Amino acid sequence: MMKKMSIPTSKTSLVLFLCQIISALDVPLDSKLLEELSQPPTITQQSPKDYIVDPRENIVIQCEAKGKPPPSFSWTRNGTHFDIDKDAQVTMKPNSGTLVINIMNGGKAEAYEGVYQCTARNERGAAISNNIVIRPSRSPLWTKEKLEPNHVREGDSLVLHCRPPVGLPPPIIFWMDNAFQRLPQSERVSQGLNGDLYFSNVQPEDTREDYICYARFNHTQTIQQKQPISVKVFSMDSLNDTIAANLSDTDIYGAKPVTERQPVLLTPTGSTSTKVELRGNVLLLECIAAGLPTPVIRWIKEGGELPANRTFFENFKKTLKIIDVSEADSGNYKCIARNTLGSVHHVISVTVKAAPYWITAPRNLVLSPGEDGTLICRANGNPKPSISWLANGVPIAIAPEDPSRKVDGDTIIFSHVQERSSAVYQCNASNEYGYLLANAFVNVLAEPPRILTPANKLYQVIADSPALLDCAYFGSPKPEIEWFKGVKGSILRGNEYVFHDNGTLEIPVAQKNSAGTYTCVARNELGKIQNEVQLEIKDPTMIIKQPEYKVIQRYGQVSFECIIKHDSTLLPTVTWLKDNDELPDDERFLVGKDNLTIMNVTDKDDGTYTCIVNTTLDSVSASAVLTVVAAPPTPAIIYARPNPPFDLELTGQLERSIELSWIPGDENNSPITNFVIEYEDALHEPGVWHYQTEVPGTQTTVQLKLSPYVNYSFRVIAVNKIGRSQPSEPSEQYLTKSASPDENPANVQGIGSEPDNLVITWEPLKGFQSNGPGLQYKVSWRQKDVDDEWTSVIVANVSKYIVSGTPTFVPYEIKVQALNDLGYAPEPSEVIGHSGEDLPMVAPGNVQVHVINSTLAKVHWDPVPLKTVRGHLQGYKVYYWKVQSLSRRSRRHVEKKILTFRGNKTFGMLPGLEPYSSYMLNVRVVNGKGEGPASPDKVFKTPEGVPGSPSFLKITNPTLDSLTLEWGSPTHPNGILTSYTLKFQPINNTHELGPLVEIRIPANESSLILKNLNYSTRYKFYFNAQTSVGSGSQITEEAVTIMDEAGILRPAVGAGKGYSEILFATSPVMHTVRPTFYKVQPLYPRIRNVTTAAAETYANISWEYEGPDHANFYVEYGVAGSKEDWKKEIVNGSRSFFVLKGLTPGTAYKVRVGAEGLSGFRSSEDVFETGPAMASRQVDIATQGWFIGLMCAVALLILILLIVCFIRRNKGGKYPVKEKEDAHADPEIQPMKEDDGTFGEYSLTKKADIPSE
């Protein structure tokens, strides 16, 4: 079956461009193809819509476009044709539509103000630019004015007005003094959005004569200055002295002292105001208040929260700034100014409007003659924008008629297009706040196939790796692609190949025989073309002798080997690394052809050494560790672990860091290599110490990073080569301040538990991760690929939230954000989850069964459509059961077996079938919720097989010259029995075998009398059954004719039904000539009745043993029919059973049992088959007799206990107080918690009676 899938490939951009609906600006055309194919114009570059120019420089209005043939350009100005040839100051760049207006040579920018639009046109259509509004920047001077000094009483409010001249664009305002130093600003003194300088209350130090407002015009790089403003602040003390000097002693005088005042808003005025802002802009709201003490400003949003991560406070919280506003930010925002005497507030009603923005912008269409297509133009805004269409820059209502075109609102539908239908269409979406203009062309092409991949391109891959052979193509209509191997090879098909939509042929696992010439053929109705590529398969590079772990003493020599094997046509390069970095530049390191040698080893050579082998196609590496140890010291020095550090001290306490210092303990003759710092959080996990960091042994101070809302204490552990010291005494505790969370919950998942819900789970933050009290979570979700807004809820510190009322099994975008009493964590990342699954809707169809042999069948089915699965496709289940044996027609129980096939498989093997039987099966699809409906039952039959061994063979009634044989038919006849075969031969006293006699017996016989045997002779018998397929396994038995007939009654000839007599005529030869004998094993010891009970991966082997005690047994086994050597397992002790483990499911094995030391004596072979993979049986426990009996016993026991309790409760008498309390105490009921365990896959075995036919 051919597979198709789409993969992105840089070499197939042309195919993607011409065969799909895409943007011409996104995918470049092939350079050679551009010279031949026609293409309507596409605007590639243009000036901004609102274009403010410097009046002192030339004006450049950009308009660039591409197309084939190259487009010509024209301009309109203020809606009429702009003839640039008539204006000497205006030129157009060659091969471009860009205009250059010469201002520096006498032109005036004001003369060229207006609205400009560019048109690019060729024979395929016309594209137009936006309306480009040209305005020169302006930086007018300040008007002359006389400024009176400002005399203000201490504590009063004051506003210094700037009133800058109106410029284009508006200037940037700032206040400075005569020395060009910025005036300091604070919560008391600050600059408003309009440029005025506000004093909430003036202080004596505000007195100065050089308050100067500056306006900077960026476009012209000029700064304008206002006349200095003088401010004189009169303090109460100086005012009282002045009054006292001008009044007599008898006058009452004295100004009131500075009095505190409650807040009053300086801006905005009144209690309410309104503001309109556009979507995507920055919203700035301002509140400045007067008062003494200086008021503090706070902002809230009525009925909601300020948007997290987009809200900022500026100008000492007097300005609320919200970036990237949307319609959801509309509402009432309240600023509250408060000091110790009271408060005042102002409500600003914000309305967010929106200029048009794209939902679906029109995209270019490339069609073949006769094909259909659509252009879609969808935009949103507030108010809703109107959509209008143009064709080649002309309103579509007055454009030339095109019978293939139909306009339906925001969509143009094209039917049966022709080459003359090529054009460029413009979509204009506009409302009162702006417009959007998009060009999209319709290009109708009729081209024969072309293959863009170079001819005879060589591909080289490593064996067992994927091979991707390119066939980049183009054609209109889209060509069909076929691949062939060799010059005259047949078309490639089958599961071993993957055919991609872009023409690429993928060989998932390339083998040596995959090498050769491959031919790609592209054809459409206009022609056919082919191209050949070459594939070479190389042997993988291997390291056959890897470097090994080494321990070397200082100043010794060490060598690492790295012997490689590679493809003879590839040139390998070997590189050695130390600790994943280049080798030191040291002459002691000698790199040979296949080794690395280090001379005069030192301690710094300790580390991991890696050998990397690179070829142009693959890379392999291997590593080994080198440990350098000291040479044994001459004097006996005692080395020990260091003593613990002491005298820990905390300094430099900050919110997120602190400095810890300590004094090291004695190092005990082994230098301290490093110090380990641990911390304890007494607030969340008292008594538990965590690793914080470690520093070199020469360092005794460290700057530690801290987390908010943690009560820290620290301890230090010293480490040397001997080991770690005991921990130091803990430091003093340090409690950090609370903050908003730094991180969000991990492992966020969305999995539905019901078809109509979505269960969102996450790992809650740990205690110290909360960064503060009041930890909660903001859970947000929205349906994926649907233009929905986020839905959010805030939940307590839990780990799960259930969304109800969801559609069945649809993807959702989910995010969980932590927050506490101080704010939100950063914006969380999104994860994809799915709402709950429901049972599949349909059954697999076209179920087919192919019987391979008498025990194996292959079943095929068609996959169900994925949309009907309604969940994650887990696979398919095949239910199959034996209806009846074709050789027996009796009532029996049906055991249903189940095989599960993972993934989207469409076939499976049914092993372990019984020969000559009738079976039924059905197939069901499985998702996470369960199984879908079953397919119709399919009947199939298995052919005959060889029979099993006869159920028994008994030898009775021994006489001087006869024996009676009785047997049972095989338990598993596996077909229609045709006959039995009996073989026997005498055994003499030296255990030699005589001549072998063979007898064929009809299948309807069950016993046989052998006569004319030798007296007092042991015989060995071999007995098996046959079907038309062949002979089954045989059973053996031995018996002895007696020496004396005394006391033995001979059965009459023909006595007993079912018996047959075989007479052997005696002759002188028979009695006088001694037969030829062969050496055989003695009767004892012997091993017989070997039985097996097999499961999927193991089998229980048991046997019967007759012979000397203390025999040591062994079990030999192998795959049936294989020529491999027998595998041998020794049995511990003298047990008569053994368990074979590690077997392969669904495989037939041969087994035999032997005894050590007994001349290699073994049992006959037995054959068994392990159970199939994924198949399992279960018996309905409720129907089992032992279970019913157990339940009855439990019920009876409960009844007896209830009667005893009832009698005791009604029994009179006095009880001790303690006994009464115990008798009346309520027991503590512990809820039973179900472990969140994972069950294995079990399949129910259903039984039903099948009537005999």
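Our subject is the structure that appears above.
Residues numbered from 1 in each chain as written. Predicted model: local features only at pLDDT ≥ 70, side-chain atom pairs only at ≥ 80, totals over all residues. Heavy atoms only, no water.

Visitor: It is not clear to me how the sheet that holds strand β78 (residues 907-910) should be interpreted in this structure. Could you clarify?
Guide: Sheets are built from strands paired through backbone hydrogen bonds, the pairs being either parallel or antiparallel. On the basis of which strands lie adjacent, the open sheet formed by three strands has the order β73-β74-β78 and antiparallel pairing. The open sheet has two free edges, formed respectively by β73 (845-853) and β78, since each of these has just one partner strand. Shown here is a sheet whose adjacent strand axes are inclined to one another by a mean of 20°, direction ignored. Examined bridge by bridge, strand β74 (residues 856-862) and β78 share four bridges and lie antiparallel to one another. If you follow H860 over to β78, its bridge partner there is F907. (Pairing = 2+ DSSP bridges. Helix = DSSP H or I, 4+ residues; strand = E, 2+ residues; numbered from the N terminus. Axes fitted to C-alpha atoms, helices over the stretch in contact; angles between N-to-C directions.)

Visitor: Just to check I follow, could you spell out the state of the cysteines for this structure?
Guide: Covalent bonding between the sulfur atoms of two cysteines defines a disulfide. Enumeration over the complete set of coordinates arrives at six disulfides. Between the sulfur of C63 and that of C118 lies a disulfide, 2.0 Å long from S to S. Taking the sign of the S-S torsion, -70° for the link of C63 and C118, the bridge is left-handed. With C63 in strand β5 (residues 63-68) and C118 in strand β10 (residues 114-122), the pair connects residues that are 55 residues apart, well separated along the chain. The pair formed by C63 and C118 is uniform in burial state, with each residue classed as buried. (Disulfide = S-S within 2.5 Å. Buried < 20%, exposed > 50% of the residue type's maximum accessible area, 1.4 Å probe, protein only.)

Visitor: Would you take a moment to explain a nonpolar patch on the surface for this structure?
Guide: The grouping of L1196, L1199, I1200, I1203, V1204, F1206 and I1207 at the surface amounts to a nonpolar patch, some 700 Å² of accessible area in total. Here V1204 falls in the partly exposed class, since its relative accessible area comes to 49%. (Patch = residues over 30% accessible without salt bridge, like charges linked within 9 Å, V, L, I, M, F, W, Y side chains within 5 Å. Areas by Shrake-Rupley, 256 points an atom, 1.4 Å probe, with all protein chains shown as cover. Salt bridge = Lys/Arg side-chain N within 4 Å of Asp/Glu carboxyl O.)

Visitor: Sorry, what's going on with the pattern of salt bridges here?
Guide: Once the charged atoms of two side chains with opposite charge are near each other, the side chains can pair. Summed over the entire model, instances satisfying the criterion amount to 38 salt bridges. Residue R56 is joined to D54 by a salt bridge in which the shortest nitrogen-to-oxygen separation is 3.1 Å. A relative accessible area of 11% places D54 in the buried class. Linking E931 and K877 is a salt bridge whose minimum nitrogen-to-oxygen distance equals 3.1 Å. A residue pair is termed long-range when its members are at least 10 positions apart, and E931 in the loop between β79 (917-927) and β80 (938-941) and K877 in strand β75 (residues 873-885) qualify at 54 residues. Taken together, the shared-partner salt bridges in this structure form one network comprising R153, D156 and R261.

Visitor: Would you mind going over the packing of aromatic side chains with me for this structure?
Guide: Given two aromatic rings, one states the distance between the centres and the angle between the planes to describe the pair. Counted by the stated rule, this structure contains 24 aromatic pairs. Ring centres of F174 and Y214 lie 5.6 Å apart, and the angle between their planes is 10°; on these two criteria the pair is classed as stacked. Placement of the pair is F174 in strand β15 (residues 172-176) and Y214 in strand β18 (residues 208-217), with a sequence separation of 40 residues. Take F174 and Y214: they sit in the same class, and that class is buried. A network of ring pairs unites the aromatic residues F174, F180 and Y214 as a single cluster. (Phe/Tyr/Trp six-rings, centres within 6.5 Å; stacked < 30°, edge-to-face > 60°.)

Visitor: Teacher, can you tell me more about the pairing of strand β31 (residues 373-376) here?
Guide: Put simply, side chains in a regular strand alternate between the two faces of the sheet. Taking every second residue as pointing to the same face, the buried face of β31 carries G373 and L375, while none of T374 and I376 on the other face is buried. Relative to strand β36 (residues 411-414), β31 is paired through four bridges, and the arrangement is antiparallel. Following the sheet pairing, L375 is matched in β36 by I412.

Visitor: Is there a simple way to explain unusual backbone geometry in this structure?
Guide: Trans is the common state for peptide bonds, and a negative phi is the common state for residues other than glycine. For the peptide bond that leads from L168 to P169, omega is -5°, which places it in the cis range. Looking at where P169 falls in the secondary structure, it is placed in the loop between β14 (158-160) and β15. Here the residue pair L292 and P293 is connected by a cis peptide bond, since its omega of 0° sits within 30 degrees of zero. In this fold, P293 is placed in the loop between β24 (288-292) and β25 (296-301). Positive phi outside glycine occurs at N580, with the angle close to 60°. With respect to the element layout, N580 can be found in the loop between β52 (573-578) and β53 (581-582). When its relative accessible area of 67% is taken as the criterion, N580 is described as exposed.

Visitor: Would you mind going over the environment of H991 with me for this structure?
Guide: With respect to the helices and strands, the residue H991 is situated in the loop between β83 (979-987) and β84 (992-993). Sequence separation of H991 and R1018 is 27 residues, and the distance between their C-alpha atoms is 9.5 Å.

Visitor: What exactly am I supposed to notice about the nonpolar core here?
Guide: A general trend in soluble globular proteins is that nonpolar side chains are found buried together. With 27 residues, the main nonpolar core has I59, I61, W75, I101, Y116 and I134 as its most contacted residues. Those elements that provide at least two residues to this core are β3 (50-53), β4 (59-61), β5, β6 (72-77), β9 (99-101), β10 and β12 (132-136). With three residues, the single largest contributor to this core is β10. For I101, the residues in contact, after removing those within four places along its chain, are N58, I59, I61, Q89, V90, Y112 and Y116. (Core = buried A, V, L, I, M, F, W, Y, C linked by side-chain atoms within 4.5 Å. Contact = heavy atoms within 4.5 Å.)

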